[in-house]
Amino acid sequence: MSELENWRALLSERAADEVVTKALVRDVRLPGGAGTMALITLDNGFDHTRPNTFGPHGLFALNGALSEIAERTDLAAVGVTGKPFIFAVGADLKGAAALATREEALAVAALGHHVFRRLGELPIPSFAFVNGAAMGGGLEVALHCTYRTISSGVTAVALPECFLGLVPGWGGTQLLPRLIGPANAVKLIIENPLAQNRLTRGREAYELGVADAVFEPADFLEESLRWAARVINGEVVVERPQHDGWDKAVGDARFLVDMKLRGASPAPYRALDLIARARTATRDEGFAAEDEALADLLTGDELRAGLYAFDLVQRRAKQPAGAPDPSLARKVTKVGIVGAGLMASQMALLFARRLEVPVVLTDLDQARLDKGVAYVRDEIGKLLARGRVSQDQANRLTSLVTGSPAKDAFADADFVIEAVFEDLAVKKQVLAEVEAVVPAECVLATNTSSLSLTAMAADLAHPERLVGFHFFNPVAVMPLLEIVRGAATDDATLATAFAVGRTLKKSSVLVKDAPAFVVNRLLTRFMGEVVAAVDEGTPLETAEHALDGLGLPMTPFALLQLVGPAVGLHVAETLHEAFPERFGVSANLAKLVAAGKPGVYLPDLTLDEEAVALFAGGSQASTAEQVRERVLGALAEEIRIMLDEGVVAAAQDIDLCMILGAGWPFHLGGITPYLDRSGIAQPCFLAPGVASMPA
């Protein structure tokens, strides 16, 4: 059997459910007498909502098309483009998750190289016309071509593999740094994926050197064909500069990865090694090294956790478990916000931008109102300066957000949310005042982060219309919205809250009315165990870095500094009142708050010795490993209790909340897959194969 036949036999069963991307070939007569181009259109038969991907059958289809093209002697060039709005977005992730052995993983890696490299090794030039989203293996198809054009309308150019626990393994780590230089390649392969999978737009990709020409979307293919003809005729010569700075680019990137992940995920480190190798490796050597890296990573639990996390964000977040029938949602034509502080002002801008309805703020005095409205207008000015909104849009947004000292301004509002001080009595008073003036069907929402919704609604005439609507800070950036159902909250109110969340482009999770809900409850348990270890005598730096192996977005005391010690203490006290046996209140943390310290770090990120001294005095020091086991064991216990209490529908919702609300990394899958595979969760939260290698 040939190598291709071996691959087909090995992979056919794993690809049984593949949505095949076909390679449709047609001849195109190029202008200017440049000859005939065989133009391949990648198309899986669906519209843009189901992008082109590559599984084994799709790779074999492209290989077959290239074999037919290679036999022809009448062609001047070959071109590759995609269906409307989509070029291709890489490997079939469902198929990747189905791979069960290293042999299968190695076959997929080698097959991709075998097929894609043919585009760069034909006797005629090849052109990639990137008309839409080009990600992962889709971008690698383009990189194998001799030349590339890109549409200025493309919104997604990326190599997101390190985000999921992989490397760009079909040529990306070898071809891209040679094309655009190691520093720019590191940006696309390492930095952007680790920055929550940042995407690059078409014009930026051109400026980085990924594409040789950029054209407007309206006549993109026509202009690309004209450009290709000029290249073939010698009217356009594309220069390929030599690049240096390899050691610095790789070294700087390694420092960045260490800072972000602290060795927790192997994929970015493998990618860096491959980028460094590209400096001197032959094509065969570089591609063989990519094959080995892919084979290792495709059969690792980190990838399965990454794919699990990706599925949560892409699917579960769009179909929230337990959400009522969307048809029950009421229309929202005006929004009221009680409070004009930073959080409230951020909300006001978000509601105005996404809902495009009037938003009115109220507060205790005119000065606070003026400050809140001024903040919104200043942020609109920044959006205008960055080109994120037009002048007309900026003017409209400015007119939508107003302030009023009287709550009578809510008389025609359909949705009013309070964002006042986290005190139950204060919130109950505010909600009673709002209920007295709003229409009968107006939804009342609270942005509380830890207080009981049911207690808050106890004195309302209509408690059924109160819902928790918990944003995370910064409001515009953090994608999670915890939607809390109180004991009396009705389905229409809940459906309206979910509809508003969707319009705000947030990922909403339904949460039971339980102390601190999901994210704050788990983070407080997490922080509480770390602080308790320090109180007992563990050196602060030992406890601070005991969890580094997880690659969390920040260390515990850095997180405390971000939220503020006073807020952390308040939430700890709330949870201690509810669950005194599991949540303690640190006397030393209270000292830190009383001393007015913003945390244990100085502005230059060195430790504040005065703050550290406030935690001194314990005599039972733990090792870093003991702190780690203590914290993870506590998290496993708390998650188990939360699931038993029905705080959320399933462990998947816990993970979704931690990923979107706390920034916990994809390579962990949130938290439960890590607790499962480290043996801490007994029994496991997830069945084998859900976020790990199949049993």
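The model shown is predicted, which means the values in this text are computed figures rather than measured ones.

K.L.:
Quick question: what am I supposed to make of the sheet that holds strand β7 (residues 147-151) here?
P.N.:
Pairing between sheet strands relies on hydrogen bonds along the backbone, with the strands arranged either parallel or antiparallel. The sheet built from 6 strands is open, its strands ordered β1-β2-β3-β5-β7-β9 with mixed pairing. The two strands at the open ends of the sheet, each matched to only one other strand, are β1 (22-30) and β9 (213-215). Taking the axes of each pair of neighbouring strands and ignoring which way they run, one obtains an average angle of 25° across the sheet. Pairing of strand β5 (residues 126-130) with β7, which is carried by 4 bridges, proceeds in the parallel orientation.

K.L.:
Sorry, what's going on with the packing of helix α8 (residues 182-194) against helix α12 (residues 266-277) here?
P.N.:
Describing two packed helices takes the angle between their axes plus the distance from one axis to the other. The contact between α8 and α12 brings their axes to 10 Å, and the two run at 170°. The angle between the axes of α8 and α12 places the two elements in the roughly antiparallel class. Counted together, Val186, Ile189, Ile190 and Leu194 of α8 and Pro268, Ala271, Leu272 and Ile275 of α12 form the full contact between these two elements. Taken together, the residues of the contact of α8 with α12 break down into 8 nonpolar, no polar and no charged.

K.L.:
Would you explain the packing of helix α7 (residues 172-180) against α12 in this entry?
P.N.:
One can describe the packing of α7 onto α12 by two numbers: an axis separation of 8 Å at closest approach and a directional angle of 55°. Looking at the two axes, α7 sits oblique to α12. When the axes of α7 and α12 are compared, the crossing they make is right-handed. On α12, the residues that touch Thr173, Gln174 and Pro177 of α7 are Leu274, Ile275 and Arg277. Broken down by class, the residue content of the contact of α7 with α12 amounts to 3 nonpolar, 2 polar and 1 charged.

K.L.:
Please explain a nonpolar patch on the surface as it appears in this structure.
P.N.:
There is a patch of nonpolar side chains on the surface, built from Leu562, Val563 and Val567 and spanning about 280 Å² of accessible area. Position of leucine 562 relative to the elements: it lies in helix α23 (residues 556-563). Owing to a relative accessible area of 61%, leucine 562 belongs among the exposed residues under this scheme.

K.L.:
Can you walk me through the nonpolar core in this structure?
P.N.:
Ranked by size, the top nonpolar core spans 170 residues in total, and within it Ile190, Phe557 and Trp664 carry the most contacts. Aside from chain neighbours lying at most four places away, what touches tryptophan 664 is Leu523, Phe526, Leu552, Pro553, Leu635, Met658, Ile659, Gly670 and Ile671. Within the second largest apolar cluster, 42 residues are counted, among which are Val332, Met347, Leu361 and Leu481.

K.L.:
Help me out: how do you make sense of the pairing of strand β16 (residues 480-485) in this one?
P.N.:
Side-chain positions along a regular strand alternate between the two faces of the sheet. Among the 6 residues that make up β16, 5 are buried, leaving the element largely enclosed by the rest of the structure. As defined by bridge partners, strand β15 (residues 466-470) adjoins β16 across 3 bridges and the pair is classed as antiparallel. Opposite phenylalanine 469, over in β16, you have isoleucine 483 as the bridge partner. Looking at chain direction, β16 and strand β17 (residues 507-512) are connected through 6 bridges and run parallel.

K.L.:
Could you clarify how one ought to interpret the pairing of strand β2 (residues 35-43) in this entry?
P.N.:
With 8 of its 9 residues buried, β2 lies for the most part within the structure. As paired elements, β1 and β2 share 9 bridges and run antiparallel to each other. Of the residues in β2, the one forming a bridge with valine 28 is methionine 37. Connecting β1 to the next strand, β2, in antiparallel fashion are 4 residues, including glycine 32 with a positive phi near 70°. Note: β2 against strand β3 (residues 77-82), 6 bridges, orientation parallel. The residue bridging leucine 42 from the neighbouring strand is glycine 82, located in β3.

About the criteria used
- Residues numbered from 1 in each chain as written.
- Predicted model: local features only at pLDDT ≥ 70, side-chain atom pairs only at ≥ 80, totals over all residues.
- Heavy atoms only, no water.
- Pairing = 2+ DSSP bridges.
- Helix = DSSP H or I, 4+ residues; strand = E, 2+ residues; numbered from the N terminus.
- Axes fitted to C-alpha atoms, helices over the stretch in contact; angles between N-to-C directions.
- Parallel < 35°, antiparallel > 145°, perpendicular 65-115°, else oblique.
- Contact = heavy atoms within 4.5 Å.
- Nonpolar A, V, L, I, M, F, W, Y, C, P; charged D, E, K, R; others polar.
- Left-handed = near helix turned anticlockwise from the far one by under 90°.
- Patch = residues over 30% accessible without salt bridge, like charges linked within 9 Å, V, L, I, M, F, W, Y side chains within 5 Å.
- Areas by Shrake-Rupley, 256 points an atom, 1.4 Å probe, with all protein chains shown as cover.
- Salt bridge = Lys/Arg side-chain N within 4 Å of Asp/Glu carboxyl O.
- Buried < 20%, exposed > 50% of the residue type's maximum accessible area, 1.4 Å probe, protein only.
- Core = buried A, V, L, I, M, F, W, Y, C linked by side-chain atoms within 4.5 Å.

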